[in-house]
Amino acid sequence: MLIPLHLCSTLLIWGLFTIILLSDRRSLRNRLCFCGGMLFSLGTFKEYLYYDLVPLLERCGLEISQKTFQPWYSMMTSLLYLGAMPAAVLFAVRFSEVDRWWRRPQRLLAAMAVPAIVFACCFPPWETYLLQRTSFPFWLSACLYNLTYGIIFTALMAQAVRRAVTPKLRRQKKTVTLLVLPLMWYWLVTIFVFHTLQLHRLLKLWEWNSLLVAAAICFYLYLAFHEGVMGVRLNAEHYRWEAESQTAFRGAQFMAHALKHDLTKLAWCARNLSQGENPPPEAAVVSHAVEHLTALQERICMQTGALELRVENCTLGELMEGWGLEEYSSRGMALVLDLEREDKLLCDPYHTAEVMRNLLDNAWEAAGPDCTVRLTFRKRMRLRGHRGRFDRLTVSDNGPGVPPKLRESLFQPYQTDKTGESHMGLGLFYCAKVMLGHGGSIRTEENDDPGCVIALYFPSGRS
């Protein structure tokens, strides 16, 4: 469903002037510019409400129609015609730094209110809808009223450029002037001049101001990334998206490298202590510590180092031989296999086995002695956010599930709620890295039963 043109124009105007406000919310100039922009947006917003939203609500059965909405349409139109250009002039006064006008802002506001009050007395705001269609004096008065403010606005903006004391400030003010003048004069001409001269074929041209607003937004962002505009300067910083994890691993890799050299010395000492008929009891302690640290060092290297995947088209039966399912069964884990051993999976057998062992270890530690794990395989599944088909391998357990505080960061490095020296929070990140290397994904999925469901998505290969 396409967005209505009036709504599109309104959103673009709101976006442009919101960006200007957020550029420097403390600046009175930016706040006045924002207020003026919101008043200008009434033009497209009222058209959207009257011609798009109200008929839609009426078709839905609500007791509202264009006729009942006409007074609101009239009031919004009157506020646009009487308030938008005075607001623009207030911005221009502050922008041009005409201090003698701004010393007593109450007088300035009172002087600007008089023409609006006279206009409202001659042409009641609640009758604007009817006056637009029947009264030439209304259009002539509205045209003179708004064009007068337009000329004042243009003169003030030109004066702001001339009065700039430095070339840089002059360039900045000239840029802002070029940004707002085309939008304002396009609106003035297509609304008031064309209606007053009754150029019926051109009356709908004002609706295409969305193109000018879109161009103004692009121009504004271009300036913000170069010299800066209206208090904001943006800077594009290029970085490698995977650099965060590489930085996080640098310390772990340095530690593993340092351990490797010291472990060589400790292993040599342990062998010497163990030799002889009566080795000291400390020898067994040192040997055990060396074995434990060696396994830890190898694990760190595997989980933080670069991956070299060798993808093969293997049957599930062949892959499961490397998962150590018999070992888990011997511990007391109940395994339920919802898969066919003859089904094939395109993957790296070694790293896939490491991923499965990580997930099975996690399931065992979460569920305890009564652990039940279901392995499920489905072919050619859809994956949201990805093209193509995927083969899904899921590991489900009956444990307590993933803690809510860890769900968003579950696959980030050093994220764990477990205690103990063997839990470093790298296992699931390694799993995610392996799946990314395959061109797939790893995700937690919803489960009606208690426990955790981890799904591995592999790009589908030939069966």
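See the structure shown above.
Residues numbered from 1 in each chain as written. Predicted model: local features only at pLDDT ≥ 70, side-chain atom pairs only at ≥ 80, totals over all residues. Heavy atoms only, no water.

K.L.:
What exactly am I supposed to notice about the sheet that holds strand S2 (residues 334-338) here?
P.N.:
Within a sheet, each strand pairs with its neighbour through backbone hydrogen bonds, oriented either parallel or antiparallel. Strand order in this open sheet of five strands is S2-S4-S5-S7-S6, and the pairing throughout is mixed. A single partner strand is all that each edge strand has here, and the edge strands are S2 and strand S6 (441-444). Averaged over all pairs of adjacent strands, the angle between their axes in this sheet comes to 15 degrees, without regard to strand direction. Here strand S4 (residues 372-381) pairs with strand S5 (residues 390-397) via seven bridges, running antiparallel. Looking across to S5, one finds that Leu 375 is bridged to Val 395. With respect to the sheet, helix H15 (residues 427-437) is in contact with S6 and strand S7 (453-459), its orientation differing from that of S6 by roughly 135 degrees. (Pairing = 2+ DSSP bridges. Helix = DSSP H or I, 4+ residues; strand = E, 2+ residues; numbered from the N terminus. Axes fitted to C-alpha atoms, helices over the stretch in contact; angles between N-to-C directions. Contact = heavy atoms within 4.5 Å.)

K.L.:
Would you mind showing me how to read a nonpolar patch on the surface here?
P.N.:
Together, Leu 197, Leu 199, Leu 202 and Leu 205 give the surface a local cluster of nonpolar side chains, amounting to about 310 Å² of exposed area. Tracing the chain through its elements places Leu 197 in the loop between helix H8 (167-196) and helix H9 (209-225). Judged by its relative accessible area of 56%, Leu 197 is exposed. (Patch = residues over 30% accessible without salt bridge, like charges linked within 9 Å, V, L, I, M, F, W, Y side chains within 5 Å. Areas by Shrake-Rupley, 256 points an atom, 1.4 Å probe, with all protein chains shown as cover. Salt bridge = Lys/Arg side-chain N within 4 Å of Asp/Glu carboxyl O. Buried < 20%, exposed > 50% of the residue type's maximum accessible area, 1.4 Å probe, protein only.)

K.L.:
Before we go on, may I ask you to explain the nonpolar core in this structure?
P.N.:
It is characteristic of soluble globular proteins that their nonpolar side chains tend to be buried jointly. Ranked by size, the top nonpolar core spans 61 residues in total, and within it Leu 16, Met 85, Phe 91, Phe 153, Met 157, Trp 187 and Phe 192 carry the most contacts. Those elements that place two or more of their residues in this core are helix H1 (5-23), helix H2 (28-59), helix H3 (66-96), helix H5 (105-122), helix H6 (128-134), helix H7 (136-163), H8 and H9. Contact partners of Met 85, with chain neighbours within four places excluded, come to Phe 40, Asn 146, Tyr 149, Gly 150, Phe 153, Met 184, Trp 187 and Leu 188. With 38 residues, the next largest nonpolar core counts Leu 325, Leu 339, Leu 360 and Val 434 among its residues. (Core = buried A, V, L, I, M, F, W, Y, C linked by side-chain atoms within 4.5 Å.)

K.L.:
What am I meant to see in the packing of H3 against H7 here?
P.N.:
Relative orientation and spacing of two packed helices are given, respectively, by the angle between their axes and the distance between those axes. As a packed pair, H3 and H7 sit with axes 8 Å apart at the nearest point and diverge in direction by 15 degrees. Taken together, H3 and H7 sit at an angle that is classed as roughly parallel. Judged by the sense of rotation from one axis to the other, the crossing of H3 with H7 is left-handed. Within the contact between the two elements, H3 uses Tyr 81, Leu 82, Met 85, Pro 86, Ala 88, Val 89, Phe 91, Ala 92, Val 93, Phe 95 and Ser 96 and H7 uses Phe 138, Trp 139, Tyr 145, Asn 146, Tyr 149, Gly 150, Ile 152, Phe 153, Leu 156, Met 157, Ala 160 and Arg 163. Counted by class, the contact of H3 with H7 contains 19 nonpolar, three polar and one charged residues. (Parallel < 35°, antiparallel > 145°, perpendicular 65-115°, else oblique. Left-handed = near helix turned anticlockwise from the far one by under 90°. Nonpolar A, V, L, I, M, F, W, Y, C, P; charged D, E, K, R; others polar.)

K.L.:
Please explain the pattern of salt bridges as it appears in this structure.
P.N.:
It is possible for side chains of opposite charge to pair when their charged atoms get near one another. Considering all chains together, one arrives at seven salt bridges under this definition. Here Glu 47 and Lys 46 are joined by a salt bridge, their closest N and O atoms 2.8 Å apart. Summarising the burial analysis for this pair, Glu 47 and Lys 46 share the class buried. Close ionic contact of Arg 357 with Glu 354 constitutes a salt bridge, the shortest N to O distance being 2.7 Å. Taken as a pair, Arg 357 and Glu 354 lie in helix H14 (residues 349-367) at a separation of three residues, close to a single helical turn. Linked through salt bridges whose partners overlap, the residues forming this network are Glu 327, Arg 331 and Asp 361.

K.L.:
Can you help me understand the side chain of Ser 441 in this one?
P.N.:
Its place among the elements puts Ser 441 in strand S6. A distance of 3.3 Å separates polar atoms of two side chains, one belonging to Ser 441 and the other to Arg 443. Apart from the residues lying within four places of it in its own chain, the contact partners of Ser 441 are Leu 383, Met 435, Ala 455, Leu 456 and Tyr 457. (Polar contact = N/O pair within 3.5 Å; in protein donor to acceptor, adjacent residues only side chain to side chain.)

K.L.:
Sorry, what's going on with the packing of aromatic side chains here?
P.N.:
According to the stated counting rule, one finds 19 aromatic pairs in the structure shown. Centroid distance Tyr 145 to Tyr 149: 5.1 Å. Interplanar angle 75 degrees. Geometry classified as edge-to-face. On the criterion of helical spacing, the pair formed by Tyr 145 and Tyr 149 is a turn pair, its members being four residues apart in helix H7. Grouping residues by exposure puts Tyr 145 and Tyr 149 together as buried. (Phe/Tyr/Trp six-rings, centres within 6.5 Å; stacked < 30°, edge-to-face > 60°.)

K.L.:
In this structure, what is going on with a negative patch on the surface? I would like to understand it.
P.N.:
There is a patch of like negative charges on the surface, built from Glu 312, Glu 318, Glu 321 and Glu 326. Mapped onto the fold, Glu 312 is located in strand S1 (residues 312-315). The partly exposed category is assigned to Glu 312, whose relative accessible area is 43%. (Lys, Arg positive; Asp, Glu negative; His and termini not counted. Charge placed at Lys NZ, Arg CZ, Asp CG, Glu CD.)

K.L.:
How do you make sense of the environment of Trp 323 when you look at a structure like this?
P.N.:
Turning to its location among the elements, Trp 323 is positioned in the loop between helix H12 (316-320) and helix H13 (325-331). Note on Trp 323: relative accessible area 1%, which makes it buried. Apart from residues lying up to four places away in sequence, Trp 323 is in contact with Tyr 328, Thr 352, Ala 353, Met 356, Arg 357, Leu 360, Leu 375 and Leu 393. Looking at Trp 323, its side chain comes within polar contact range of the main-chain oxygen of Leu 319, at 3.2 Å.

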